Amino acid sequence: MADIDRYRPEDRRAVEALYRRVFGNDAAEASRLRWDWQYHHNPNNPGQEPEIWIAREGRAIVGQYATMPVQLLVRNQEVQGSWGMDVMVAPERQRQGLGEVLFRTWDRNVGASLGLGLSDSSYRLFQKLRWPDVGPVPCLVKPLTRRALRRPTWPVPINRLVSALTLPIIKIVSRTRPLRAEVRLIQRFDDRFTSLWNELAPKFDLAVRRDAPYLNWKYVSSPHVRYSIAALRRDDRNIGYAVYRHLHEPRGRVTLLVDFLADPDDEGALSTLLHWVDREARQANSDKIRTFALHAGFRRILRRTGYFVVKSTMEFVVKVNAVDVDPAFYEDPDRWHVTLGDSDQDR
Ligand SMILES: CC(C)(COP(=O)(O)OP(=O)(O)OC[C@H]1O[C@@H](n2cnc3c(N)ncnc32)[C@H](O)[C@@H]1OP(=O)(O)O)[C@@H](O)C(=O)NCCC(=O)NCCS
């Protein structure tokens, strides 16, 4: 049986070769470009060492579990959380129990083990190991143009008919609204965002600590994507932020609202940020805006601002080890804040 221990710097080439075999060349190249940022520069890495477990057979590397340490807030207590991300086992060694040993080793060493947007095989393994399954993080879409509802699987006349029928609704949903507070684009998150997080944290039962060092690492210094960051200010105080980017997809142009924060009880705050993102999306010629939100209060505001809930495939599992939570905790995620910005979903 393989031995499991921590990653060492001399493992890098063998891990890259295994990654290429399991995930293919494109994914391996993309991972190589992100690697230093993702594993060395994370401000929550204890001792700046990558939080990666390696499965070895003699001198060969046959598996890894690469993770992202975060400070996780669980009912007002901070625990050392860890997003499981790039887990892999050599193809010839799969279905022999190695994945299970890697999952359990990771879980034993962290205060909470979390998984988001899982592959079919890892989702099934989480289920087999009975990780609490919160279900998918709801996905919401706001249509901005009649192209937003196009489906590549529908014939052209159907697409045209749907566009024509829904156009009046889209015009109402996407109309421009005045902003009720000051919004400005920023280049970095300053310490006042840490204060904002400390102030809002008690409003969430579970969320990654969104302090300034984490936010700058995640959204300012990421080498693979460029984000726009909007800060919301009222009476000279920062009261929220939104992180977003625009991209082309086969079905059209999309603005992704990747992460956001505001007081969930202050409807005016989040809706002002959302109206700002609407304007930005329209300027970028996006057909729609897409976001993911687990918090029921945020989802309510999103729906009132013209977003519709659509099918989500972003599965979410979490197991809290460091503090006692009863099984009912996992059944009520209405006050949990999880978005597309969490883990390494946006890549
Ligand atoms: C996910 C992975 C690491 C699991 O490792 P493993 O050594 O095969 O896992 P184990 O042998 O300990 O456990 C096997 C269980 O995992 C699940 N599983 C693993 N591979 C699966 C597959 N191809 N299809 C469906 N379920 C699968 C099943 O629950 C399986 O139980 P079963 O054999 O009783 O049906 C491995 O399948 C892998 O490298 N997959 C490709 C990379 C990947 O998808 N990574 C996850 C990114 S989120």
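Shown above is the structure to which this text applies.
Let me sum up the structure you'll find in this document. This structure is a prediction, so every number in the text was calculated from the model and none was measured.

Turning next to the sheet that holds strand 14 (residues 308–310). Pairing is mixed across the open sheet formed by seven strands, whose spatial order is 8-10-11-12-13-7-14. A single partner strand is all that each edge strand has here, and the edge strands are strand 8 (182–185) and strand 14. In this sheet, neighbouring strand axes are inclined to one another by 30 degrees on average, regardless of whether the strands run parallel or antiparallel. Inspection of the sheet shows strand 10 (residues 228–234) paired to strand 11 (residues 237–249) by seven bridges, in the antiparallel sense. Within the sheet, the bridge partner assigned to I229 lies in strand 11 and is V243.

This brings us to the packing of helix 8 (residues 267–283) against helix 9 (residues 296–304). The relative placement of two packed helices comes down to the angle between their axes together with the axis-to-axis distance. For the pair helix 8 and helix 9, the least separation of the axes is 10 Å and the interaxial angle reads 55 degrees. Our classification of the angle between helix 8 and helix 9 gives oblique. Considering the relative orientation of helix 8 and helix 9, their crossing is right-handed. Judged by residue contacts, E267, L270, S271 and L274 of helix 8 engage F298, I301 and L302 from helix 9. Grouping the constituent residues of the contact of helix 8 with helix 9 by class yields five nonpolar, one polar and one charged.

Parameters and conventions
Chains are numbered independently. Their residues run from 1 in the order of the written sequence. Only residues with pLDDT of at least 70 get local features here, since the model is predicted, and only at 80 or more are side-chain atom pairs given and counted; chain-wide, interface and lining totals rely on the full set of residues. A pair of strands counts as paired when DSSP detects no fewer than two bridges linking them. Comment: elements are numbered from the N terminus, with helices defined as DSSP H or I runs of at least four residues and strands as E runs of at least two. Axes, fitted as lines to C-alpha atoms, cover a helix only where it is in contact. Angles between the N-to-C directions of the axes lie from 0 to 180 degrees. In this scheme, roughly parallel covers angles under 35 degrees and roughly antiparallel covers those over 145, while 65 to 115 is roughly perpendicular and the rest are oblique. In this scheme the crossing of two helices becomes right-handed for a clockwise turn of the near helix relative to the far one and left-handed for an anticlockwise turn of less than a right angle. By definition, residues are in contact whenever their C-beta atoms, placed on the basis of the backbone, come within 7 Å of each other. By the convention adopted, Pro, Cys, Tyr, Trp, Phe, Met, Ile, Leu, Val and Ala count as nonpolar, Lys, Arg, Asp and Glu as charged, and the other residues, Gly among them, as polar.

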